[in-house]
Every structure is written in structure tokens, then in C-alpha cells.
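One-letter residues, chain by chain:
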Amino acid sequence: MISFLRGTVAHVGLSTAVIDLNGAGMSVFATPQTLSRLKVGEEGKLFTSLIVREDSLTLFGFASDDEREVFDILLSVSGVGPRLALAVLAVHEPETIRVAAHSSDSKTFTKVPGIGPKVAGRIVLELAGKLVPHGDAGAPGTPTAAEAAWKPQVVAAMTSLGWSEKDASTSIDKALADDPEVLFRGNVAEILRTTLRWLGQDGARAGNRVGARG
């Protein structure tokens with residue numbers, strides 16, 4: 001694996017740069033932001049990800065190791081190739097992508113050319129738990145605005161299963177009160193599962209109470 005390149009910048013184009021490594025020119029695809037930091041004739045360094053195909057070996061370059069990590073994780077989403085993953089990084093900073101994936105904010109991804117609602121929905125679904133904001137230490141505290149965005153999505157999922165919005169909202173609050181850690185380590189899918197489990201347990205408890213009275 002080629003982790004990074006350091007050498008004299010021989011060329012900077014619209015989508016690629018060429019780094020001279022002791023007489024060998026390595027062509028690297030990168031975002032406009034990364035390319036703008038490179039100056040022809042000066043030394044440049046890029047963190048890289050090598051994409052291997054049957055008929056090609058292609059290098060993608062990044063200004064930071066964090067960008068490369070986000071790029072590699074985006075590639076794990078079905079239907080997302082290296083060009084589309086690079087387009088996401090061209091539009092959003094790595095931390096913005098982490099927050100959007102962690103909070104299931106699909107609208108952030110629809111701002112990227114070539115990504116519609118269906119693909120954006122698949123991205124947040126398949127990235128659940130894979131990208132965590134660097135500012136999230138995993139410890140309980142006050143929920144962020146991004147975390148607050150989870151509730152409407154969980155309510156919508158529950159109403160599609162037959163609950164009213166009021167009952168869904170109340171159940172979510174009670175379920176998270178019983179297991180508050182879920183809010184800080186989880187995502188929409190996990191909070192939904194926790195709420196449904198809580199409802200099942202509450203139903204069982206209610207049945208036991210009715211049986212006792214009988």
C-alpha cells in the first residue's frame with residue numbers, strides 16, 4: 001500500500017497532480033481544495049489511497065490522513081466508487097461528513113452532485129456506526145443539535161409502523177430514559193430498535209399487571 005507521496009510537484013491540473021519522486025512522475029487524483037495547496041516546483045506531500053482494478057492502478061491524494069480515512073470508509077457503501085467519494089470530500093469537510101453520517105442527515109449528502117435522495121439514504125444507512133465525529137468522546141452529556149435530529153426520523157419510522165406521533169414520541173423518551181447510553185453511541189436504527197424493545201417489555205409488564213389484578 002502507498003500511504004503517502006512526498007516530492008517535487010511537477011504538474012497541477014483541474015483534477016490531478018503529478019509528484020516527481022526521484023525522476024518518476026506519480027499521477028494523483030485529488031479534490032480542488034487539495035490541488036490548490038500544491039505549487040509547481042515546490043515540495044508537496046499527499047496522503048494516498050490506491051484503488052486497484054483489473055485494468056488499472058489509480059492513486060487518490062488527500063491533504064490529511066483524516067480525509068483519506070473518510071474516503072476509504074465512503075468506499076464501503078454499495079454503489080459509491082472512488083470518484084463519487086472524492087466528490088463528497090470536494091463539497092464537505094471530513095468532520096461535516098462524520099457528523100452527517102453519525103446523525104443520519106441524508107440531506108447533507110444530497111448537496112453533492114450525482115447523489116440523489118436514494119443514494120444519500122443508502123450512505124447514512126450503511127455508514128451507521130462507522131463514522132463518529134471527533135468531538136464525540138462517547139461520554140454522556142447534553143445531546144447536540146445533530147443528535148436531536150434523530151428523534152423526528154425515529155418518530156417517522158414508528159408512525160409508518162402504526163403508532164401515532166404522540167405515542168411514538170412518548171415511547172422514545174421513556175425508552176431513552178431507561179437506556180440513555182443509546183443516545184450517545186447509537187444512530188436512528190439503534191434508537192428505533194431500543195424503543196421497540198422497550199415497548200415489547202412494557203407490554204409484557206402491562207400484561208403481568210393485568211394478570212395479577214385478575
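The rules behind each value
- Residues numbered from 1 in each chain as written.
- Predicted model: local features only at pLDDT ≥ 70, side-chain atom pairs only at ≥ 80, totals over all residues.
- Heavy atoms only, no water.
- UniProt positions renumbered as here; feature names shortened; annotations may be inferred.
- Core = buried A, V, L, I, M, F, W, Y, C linked by side-chain atoms within 4.5 Å.
- Buried < 20%, exposed > 50% of the residue type's maximum accessible area, 1.4 Å probe, protein only.
- Helix = DSSP H or I, 4+ residues; strand = E, 2+ residues; numbered from the N terminus.
- Domains from an automatic or database assignment.
- Contact = heavy atoms within 4.5 Å.
- Pairing = 2+ DSSP bridges.
- Axes fitted to C-alpha atoms, helices over the stretch in contact; angles between N-to-C directions.
- Phe/Tyr/Trp six-rings, centres within 6.5 Å; stacked < 30°, edge-to-face > 60°.
- Lys NZ or Arg CZ within 6 Å of the ring centre and 35° of its normal.

The name an unreviewed UniProt entry gives the protein chain is Holliday junction branch migration complex subunit RuvA, with Arthrobacter ulcerisalmonis as the organism. UniProt lists a comment for the protein chain under the heading Subcellular location (unreviewed entry), and it reads "Cytoplasm". UniProt annotates the protein chain under Sequence similarities (unreviewed entry) with the comment "Belongs to the RuvA family."

1. Examining the nonpolar core
Core analysis: the biggest nonpolar cluster contains 26 residues, and F71, F109, I115, I123 and L127 have the highest contact counts within it. Contributing elements (two or more residues each) for this core: β5 (56-62), α2 (65-74), α3 (82-91), α4 (94-102) and α6 (117-126). At 5 residues, α3 tops the list of elements feeding residues into this core. Looking at which domains feed residues into this core, each of domain 1 (4-62) and domain 2 (65-127) gives three or more. Beyond its immediate stretch of four places on either side in the chain, F109 contacts V88, I97, A100, A101, I115, A120, I123 and V124. Membership of the second largest hydrophobic core comes to 13 residues, among which are W150, A175, L192 and L199.

2. Some thoughts on the sheet that holds β5
With mixed pairing, the 5 strands of this closed barrel are ordered in space as β1-β2-β3-β5-β4. Strand-to-strand twist of the sheet, defined as the mean angle between neighbouring strand axes without regard to direction, takes the value 55°. For strand β4 (residues 43-53) and β5, the ladder comprises 7 bridges, and the chain directions are antiparallel. Of the residues in β5, the one forming a bridge with S49 is F60. Running over the sheet, α2 touches β1 (4-12), β4 and β5 and is turned about 15° from β4. Sheet contacts for α3: β3 (24-29), β4 and β5; angle to β5, the most-contacted strand, approximately 10°.

3. Examining the UniProt feature "domain: Helix-hairpin-helix DNA-binding motif class" (unreviewed entry) in the protein chain
When the UniProt feature table is mapped onto this chain, "domain: Helix-hairpin-helix DNA-binding motif class" (unreviewed entry) is found at residues 72-91 and 107-126. Note that residues 72-91 is 65% helix and 0% strand, and that its end C-alpha atoms are spaced 16 Å apart. As annotated, residues 107-126 comprises 70% helix and 0% strand, and the C-alpha atoms at either end are separated by 15 Å.

4. Comments concerning the packing of aromatic side chains
Taken as a whole and assessed by the stated rule, the structure comprises 3 aromatic pairs. With 4.8 Å between their ring centres and 50° between their planes, F62 and F71 make a pair best called tilted. F62 gets classed as buried once you look at its relative accessible area, which sits at 0%. Pairwise contacts between aromatic rings join F29, F60, F62 and F71 into one cluster. Above the face of the F29 ring, R83 is positioned so that its terminal group lies 4.3 Å from the ring centre.

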